[in-house]
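What follows is the residue order along each chain.
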Amino acid sequence: MAAIDRHSVTLALAHALSAAELGLPVIPLSRTKLPAIPSPHRGEAGPVRCRGACGRTGHGVHDATADPAAVRALFAAAPWATGYGIACGRWPHHLIGIDLDTKAESDSTSALRRLALKHLFTIPETVTVLTPSGGRHLWLTGPPGRVVPNSASRLAPGIDVRGAGGYLVRPGSLTVHGVYRLAPGTAHLAPAPCPRALLRLLTPPARSPYSTGRPVQGRGLVHFVLAAHEGQRNTRLFWAACRAYENGFGDQLADRLIRAAVHTGLTEQEARATIASAARLAMPSAPSVRPV
């Protein structure tokens, strides 16, 4: 590995550890902006729907963690990683990424301003990342329990959104096109809360069959996990996660279930693997998500 590559890898790990200290779940990325650790299921026959339940790394955004030791282990498994990504939609920040592209046929910045004028919201000052291609990523935070899906040009031409299941390339990452950097004047900022009017545009309307039952049922499942004794913690977590995914709100409840499981003595990695297994059982197909 060339000296510049070793330097880039060292910087990427240092930046990733700094992000983890802020509670941001990270994964190592290659220069292509894709997850650096190859899937352990390569070569297996048929579609692979594992989200990490097998206990191995190589499951993309599902590997993301804010645990420093786990971050070091991920980078040790991918010594060629020159960048890192931040998982969106995860506790405690519930990040939402607004990707303003720079395609010649669209002016995404003007399109966002028009949306703001039409729907009466202000684009807040927030963390802004400059991409090597000249685009910008606006980092926002969403409320717990509100799932923002990933989308491409649905909001407006040239505006992509990264939410649950997606990830953002963080500043300091080196890609084949260059380095991602913080926009001048935003280094001191924290991700701003997403304006309510914009949040309504980003999220699909709630389906009525669950509109009254979700909050109560969700609290009950969390309490069920919190009441677990040694020897039943994993079983209770798996049962609760299965019920949540079967009823359509597993992703919304996942972070609360993980916190509850960690409170009872499980590690975050164990809890995430158990919930991934439940999701795989209840949701047999999962779309692949590309980064921004």
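These figures come from a predicted structure and were not determined experimentally.

What counts and what doesn't
- Residues numbered from 1 in each chain as written.
- Predicted model: local features only at pLDDT ≥ 70, side-chain atom pairs only at ≥ 80, totals over all residues.
- Heavy atoms only, no water.
- Buried < 20%, exposed > 50% of the residue type's maximum accessible area, 1.4 Å probe, protein only.
- Helix = DSSP H or I, 4+ residues; strand = E, 2+ residues; numbered from the N terminus.
- Pairing = 2+ DSSP bridges.
- Axes fitted to C-alpha atoms, helices over the stretch in contact; angles between N-to-C directions.
- Parallel < 35°, antiparallel > 145°, perpendicular 65-115°, else oblique.
- Contact = heavy atoms within 4.5 Å.
- Nonpolar A, V, L, I, M, F, W, Y, C, P; charged D, E, K, R; others polar.
- 1 Å grid on protein atoms, 1.4 Å probe; cavity = no way out; pocket = protein on both sides within 12 Å on 5 of 7 lines; lining within 4 Å.
- Points joined across faces, edges and corners; volume = space filled by probe spheres on them.
- Core = buried A, V, L, I, M, F, W, Y, C linked by side-chain atoms within 4.5 Å.
- Phe/Tyr/Trp six-rings, centres within 6.5 Å; stacked < 30°, edge-to-face > 60°.
- Lys NZ or Arg CZ within 6 Å of the ring centre and 35° of its normal.
- Salt bridge = Lys/Arg side-chain N within 4 Å of Asp/Glu carboxyl O.

Student: How would you explain the pairing of strand E1 (residues 26–29) if you had to name every residue and give the values?
Tutor: In E1, alternate side chains face the same way, and those of Val 26 and Pro 28 on one face and Ile 27 and Leu 29 on the other are all buried. Taken together, the four bridges between E1 and strand E2 (residues 83–87) define a ladder with antiparallel strand orientation. Bridge assignment links Val 26 to a residue of E2, and that residue is Ile 86.

Student: So what's going on with the packing of helix H6 (residues 233–246) against helix H7 (residues 250–264)? Which residues, and what values?
Tutor: Taken N-terminus to C-terminus, the directions of H6 and H7 make an angle of 170°; their axes are 10 Å apart at the nearest point. The pairing of H6 with H7 is recorded here as roughly antiparallel in orientation. Between H6 and H7, the residues in contact are Arg 233, Leu 237, Ala 240, Ala 241, Ala 244 and Tyr 245 and Gly 250, Asp 251, Leu 253, Ala 254, Leu 257, Ala 261 and Thr 264, respectively. Partitioning the contact of H6 with H7 into residue classes produces nine nonpolar, two polar and two charged.

Student: Provide a residue-level description of empty space enclosed by the protein, including the pertinent values.
Tutor: Scanning the model with the defined rule gives two cavities of 30 Å³ or more in all. Here the largest cavity is characterised by a volume of approximately 40 Å³. For the largest cavity, the full set of lining residues is Ile 98, Leu 112, Phe 121, Thr 122, Ile 123, Pro 124, Leu 138, Leu 140, Pro 195 and Leu 198. For the lining of the largest cavity, a count of residues per class yields nine nonpolar, one polar and no charged. If you add up the space inside the second largest cavity, you get close to 30 Å³. Lining the second largest cavity, in full, are Ile 27, Pro 28, Pro 35, Ala 36, Ile 37, Gly 60 and Asp 63. Of the residues that constitute the lining of the second largest cavity, the class distribution is five nonpolar, one polar and one charged.

Student: Got a sec to walk through the pairing of E2? Specific residues and values, please.
Tutor: Counting buried positions over the five residues of E2 gives five, a clear majority of the element. Of the strand pairs in this sheet, E2 and strand E8 (residues 167–169) are connected by three bridges, and their pairing is antiparallel. Note on E8: the bridge partner recorded for Ile 86 is Leu 168.

Student: Which residues make up the nonpolar core, and what are the values?
Tutor: Within soluble globular proteins, side chains that are nonpolar tend to cluster in buried spots. Ranked by internal contacts, the top residues of the largest apolar core, which has 30 residues, are Val 26, Val 71, Phe 75, Tyr 84, Ile 86 and Trp 139. Where this core is concerned, the elements lending two or more residues are helix H1 (3–21), E1, helix H2 (68–77), E2 and E8. At five residues, the largest contribution of residues to this core is made by H1.

Student: Describe the packing of aromatic side chains, listing the residues and the values that go with them.
Tutor: Summed over the entire model, instances satisfying the criterion amount to one aromatic pair. Centroid distance Phe 224 to Trp 239: 5.0 Å. Interplanar angle 50°. Geometry classified as tilted. Taken together, the residues Phe 224 in helix H5 (residues 214–226) and Trp 239 in helix H6 connect sequence positions 15 residues apart. A relative accessible area of 41% means that Trp 239 is categorised as partly exposed. Seen from the ring of Phe 224, Arg 236 lies directly overhead, with NZ or CZ sitting 4.2 Å from the centre.

Student: Describe the pattern of salt bridges, naming the residues involved and giving the relevant values.
Tutor: Throughout the structure, instances matching the rule amount to one salt bridge. Taking the shortest distance from any N to any O, the salt bridge between Glu 268 and Arg 272 comes out at 2.9 Å. Residue Glu 268 and its partner Arg 272 are both found in helix H8 (residues 268–282); the two are separated by four residues, about one turn of the helix. Using a relative accessible area of 17% as the deciding quantity, one classes Arg 272 as buried.

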